[in-house]
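Residues per chain, in single letters:
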Amino acid sequence: MRRVVVFGVGAVGGGIAAALAEAGTEVLGIARGTQLQALRDGPLRVRTPDGDIVVRVPVVDSPAAIDFRPDDLILLTMKSQDTPAAVQALRAAGVTGQPVFCFQNGVSNEDAALRVFPKVHGVTVMMPVSFTRPGEVVANGAPKIGLFDIGRYPSGADDDDRALAALLAGPRLGGFVHEDVMASKRGKLLLNVSNAIEAAIGKEFRQGEIAERARAEAEAVFRAAGLGWQDVGLDDPRRKTLMQMKDVPGAARAGSSTTQSLARGTGSVETDYLNGEIVRLGRLHGVPVPVNAALCRVAARMAREGVPPGGIPLAVLAGECGL
């Protein structure tokens, strides 16, 4: 059985690492800070609606500490703003022809990886998880805690995709080989353009005029660029049958990845790779994108100034968006 190297053992990476380890897959994590120390000292716990996963996952502090194998499956699970540095660290550690899978929101990580590595794969992550404290992740999906579309970048699929999908086909996770995975990832991006809205003014505003305008801009730039997308939202039949949202006793739902970054005070958010991707395409193809551009500005200011989630008045955000 092939080893899985999870680069970034946070919410998504931690959930995947724990589920794979529980199923008997050899997993090695790359972690940092208090999470690194917590996993060296004790088990990784993933709290789910169906009970906890509690496993020991070996971790190191950098790719340089790993003796990489030719058939390792390398998963990038850090935020998009950290991808370029991660790619360089992998190259410096001797990674060359191993397959690299981008388990990340947005559609720019694959390009960053392809500049360095020949075998790059996109992965659409459908996984409602939150990183609550060192050594612990809360996963609100059931019976599966995560579903993943997996394919070669920019298109197609190969034996590495099939190998990883097979490892993810356990009781806790679901992996699906997808010949046009970037269409799936663009569908996820359409959902993620509301992350900054939730982070700024609250979860209840993921639906509403600002969200509708942001998505309309995103769809317009995709059409202008000749890029299709696939719906991976709540109407996806796989989500209805395999991963329904449920509460975990004693654990509040933490919200989107952007909200979680602001709550932890990390100093950065991935908005420039979500709404910012829409802005980039809009500028390339002459499509006005004022709402997504405003959301990038507001999210960056919140991260820079330490503004907590929900800390922007609705009227202020609406004004920034020109509404």
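Residues numbered from 1 in each chain as written. Predicted model: local features only at pLDDT ≥ 70, side-chain atom pairs only at ≥ 80, totals over all residues. Heavy atoms only, no water.

1. Focus: the overall build of the chain
Looking only at helices and strands, one finds 13 helices and 14 strands in the chain. For 323 residues, the compact-globule estimate of 2.2 N^0.38 gives 20 Å, and the C-alpha radius of gyration of the chain, at 19 Å, lies within 12% of that figure. Overall size of the chain, expressed as C-alpha extent along the three principal axes, is 55 × 45 × 40 Å. Across the 323 residues in the chain, those meeting the buried criterion constitute 57%. In the chain, 72% of the contacts between residues at least 6 apart in sequence involve partners at least 24 apart. Element-wise, carbon and sulfur atoms account for 52% of the exposed surface of the chain, whose accessible area totals about 13000 Å². (Helix = DSSP H or I, 4+ residues; strand = E, 2+ residues; numbered from the N terminus. Rg over C-alpha atoms; globule rule 2.2 N^0.38 Å. Buried < 20%, exposed > 50% of the residue type's maximum accessible area, 1.4 Å probe, protein only. Contact = heavy atoms within 4.5 Å. Areas by Shrake-Rupley, 256 points an atom, 1.4 Å probe, with all protein chains shown as cover.)

2. Section: the pairing of strand E10 (residues 136–139)
A two-sided burial pattern is seen for E10, the buried positions comprising Glu136 and Val138 on one face and Val137 and Ala139 on the other. By the bridge criterion, three bridges tie strand E3 (residues 44–47) to E10 in an arrangement that is parallel. Across the sheet, Arg45 pairs through a bridge with Glu136, a residue of E10. Two strands pair when backbone bridges link them, and strand E9 (residues 129–133) and E10 are joined in this way by four bridges, in the antiparallel orientation. By the bridge assignment for E10, Val129 is matched with Ala139. Taking the residues that link successive antiparallel strands as the turn, the E9-E10 hairpin has two residues, and the phi of Gly135 there is positive, at about 90 degrees. (Pairing = 2+ DSSP bridges.)

3. Quick notes on the side chain of Glu217
By the element assignment, Glu217 lies in helix H8 (residues 209–225). With no salt bridge to any partner, buried Glu217 finds its closest opposite charge in Arg213, at an N-O distance of 6.7 Å. Excluding residues that lie within four positions of it along the chain, Glu217 makes contacts with Ile278, Pro288, Val289, Pro290, Val291 and Asn292. (Lys, Arg positive; Asp, Glu negative; His and termini not counted. Salt bridge = Lys/Arg side-chain N within 4 Å of Asp/Glu carboxyl O.)

4. Digging into the state of the cysteines
Applying the stated criterion across every chain, the model contains zero disulfides. Lacking any disulfide linkage, Cys296 is separated from the closest cysteine sulfur, that of Cys321, by 10 Å. With relative accessibility at 9%, the residue Cys296 sits in the buried group. (Disulfide = S-S within 2.5 Å.)

5. Overview of helix H11 (residues 275–285)
Taken residue by residue, H11 has Asn275, Gly276, Glu277, Ile278, Val279, Leu281 and Gly282 as its buried positions. Buried-residue contacts for H11 involve helix H6 (181–192), helix H7 (195–201), H8 and helix H12 (290–305). Immediately downstream of H11, the backbone of Gly286 shows phi near 70 degrees, a positive value.

6. A short note on the sheet that holds E3
Pairing in this open sheet of four strands is mixed, and the strands run E4-E3-E10-E9 from one edge to the other. Two strands lie at the open edges of the sheet, namely strand E4 (53–55) and E9, each paired on one side alone. Each neighbouring strand pair of the sheet contributes to a mean axis angle of 20 degrees, computed without reference to strand direction. (Axes fitted to C-alpha atoms, helices over the stretch in contact; angles between N-to-C directions.)

7. Overview of unusual backbone geometry
With an omega of 0 degrees, the peptide bond running from Ala142 to Pro143 counts as cis. Assignment of secondary structure puts Pro143 in strand E11 (residues 141–143). Omega for the bond connecting Tyr153 with Pro154 falls within 30 degrees of zero, at 5 degrees, which places this linkage in the cis form. Residue placement: Pro154 occurs in the loop between strand E12 (146–152) and helix H5 (159–167).

8. Quick notes on the sheet that holds strand E7 (residues 100–103)
Taken in spatial order, the eight strands make up an open sheet running E5-E2-E1-E6-E7-E8-E12-E13, and their pairing is mixed. Of all the strands in the sheet, the pair left with one neighbour each is strand E5 (59–60) and strand E13 (173–177). Alignment of strand E8 (residues 120–126) against E12, held across six bridges, turns out to be antiparallel. For Met126, the partnering residue across the bridge sits in E12 and is Leu147.

9. Regarding the nonpolar core
Core analysis: the biggest nonpolar cluster contains 60 residues, and Leu76 and Leu317 have the highest contact counts within it. Ignoring anything within four residues of it in the chain, the contact list for Leu317 reads Ile197, Ala200, Ile201, Ile210, Leu295, Val298 and Ile312. (Core = buried A, V, L, I, M, F, W, Y, C linked by side-chain atoms within 4.5 Å.)

10. Section: helix H3 (residues 83–92)
Those residues of H3 that fall on the buried side of the exposure criterion are Thr83, Ala86, Val87 and Leu90. For H3, the arc enclosing every buried residue in end-on projection is 100 degrees, short of the 170-degree limit, so these residues lie on one face. Exposed and facing more than 90 degrees away from the buried side of H3 are Ala85 and Ala92. Contacts from the buried residues of H3 go to strand E1 (4–7), strand E6 (73–76) and helix H4 (109–114). Phi turns positive one or two residues past the end of H3, at Gly94, with a value near 105 degrees. (Arc of directions from axis to C-beta.)

11. Remarks on the packing of aromatic side chains
In total, this model carries two aromatic pairs according to the counting rule given. Judged by centre distance (5.8 Å) and plane angle (45 degrees), the rings of Phe222 and Trp229 are tilted. The class for Phe222 is buried, based on a relative accessible area of 0%. In this structure, Arg238 packs its charged tip against the face of Phe176, placed 4.7 Å from the ring centre. (Phe/Tyr/Trp six-rings, centres within 6.5 Å; stacked < 30°, edge-to-face > 60°. Lys NZ or Arg CZ within 6 Å of the ring centre and 35° of its normal.)

By themselves these figures say nothing about function.
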